[in-house]
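A structural walkthrough
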Amino acid sequence: MRLVPASRAHVGPIAVRMRAHDRAECAAFGCDPKTALRRSLAASSIAVTALIDGRPEAMMGMEVRSAVEGLGAPWMLATDEAYRHGRDMLRLGSPLLDHLADSMRRLVGVVGADNARAIRVLRRWGFTVEGGTMIGGMAFLRFEMER
C-alpha cells in the first residue's frame with residue numbers, strides 16, 4: 001500500500017467497490033458513493049488515495065471546519081481490499097494524521113455506530129470514539145483527537 005495525492009480519476013474505481021458500511025454512511029448523508037467521494041475530495045485541504053498493487057482502494061482527507069479554531073474533519077471511504085491491509089493502513093495513517101494535526105489542533109468526525117472495523121482503526125490511530133447521534137436514520141458515533 002502506498003499513498004498518492006488523490007484525484008478525480010480515483011473516484012470511480014473506489015466508488016464501485018466501496019465497503020457496505022461506507023456505502024451506508026454515504027446514504028445516511030444523502031449521497032451515493034461517487035458523489036460522496038467527489039464532494040469530500042473537492043472540500044478537502046488535503047486528500048490522498050491508498051493504492052494497493054497500483055489500484056485505488058481508499059481515499060482519505062480532511063476538510064477545514066474552522067482555521068481560526070484549528071478544527072478539521074478527517075474522512076475516509078474505502079473498499080474491503082483496503083481493510084484486508086489493516087497493518088499498512090495503521091502504519092501509513094499515523095504519519096498522515098500527524099501531518100493533518102500540524103495545521104489543525106483538533107480533528108473531529110463521525111463514524112457509523114456499527115462500523116466496528118473503522119472504529120477499531122480510529123482508536124488505534126489515537127482517536128477517542130464516543131457519544132452518539134442519528135443522521136439520516138442511521139446511528140453514528142463521534143470521534144475526536146486533540147493535539
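Residues numbered from 1 in each chain as written. Predicted model: local features only at pLDDT ≥ 70, side-chain atom pairs only at ≥ 80, totals over all residues. Heavy atoms only, no water.

**Quick notes on the overall build of the chain**
A count of helices and strands for the chain gives six helices and seven strands. Relative to the compact-globule value of 15 Å for 147 residues, the chain shows a C-alpha radius of gyration of 14 Å, a close match. When its C-alpha atoms are laid out on the principal axes, the chain stretches across 35 × 35 × 30 Å. The buried share of the chain, taken over its 147 residues, is 49%. Long-range contacts, defined here as pairs at least 24 residues apart, represent 62% of the contacts in the chain between residues at least 6 apart. Surface accessibility of the chain: about 7,400 Å² in total, with carbon and sulfur atoms responsible for 51%. Of the side-chain charges in the chain, 21 are positive and 16 negative, and the distance between the mean point of each set is 3 Å. (Helix = DSSP H or I, 4+ residues; strand = E, 2+ residues; numbered from the N terminus. Rg over C-alpha atoms; globule rule 2.2 N^0.38 Å. Buried < 20%, exposed > 50% of the residue type's maximum accessible area, 1.4 Å probe, protein only. Contact = heavy atoms within 4.5 Å. Areas by Shrake-Rupley, 256 points an atom, 1.4 Å probe, with all protein chains shown as cover. Lys, Arg positive; Asp, Glu negative; His and termini not counted. Charge placed at Lys NZ, Arg CZ, Asp CG, Glu CD.)

**Observations regarding unusual backbone geometry**
Of note, Asp-53 is a non-glycine position whose phi angle comes to about 55 degrees, a positive value. With respect to the helices and strands, the residue Asp-53 is situated in the loop between strand E2 (46–52) and strand E3 (55–66).

**Focus: the pattern of salt bridges**
Throughout the structure, instances matching the rule amount to eight salt bridges. For Asp-22, the salt bridge is made with Arg-19, and the minimal N-O distance between the two is 3.1 Å. Classification of Asp-22 as buried rests on a relative accessible area of 2%. Overall, the relative accessible area of 2% leaves Arg-19 in the buried class. We note a salt bridge from Glu-81 to Arg-84, for which the minimum N-O separation is 3.0 Å. Among the residues examined, Glu-81 registers a relative accessible area of 24% and is labelled partly exposed. (Salt bridge = Lys/Arg side-chain N within 4 Å of Asp/Glu carboxyl O.)

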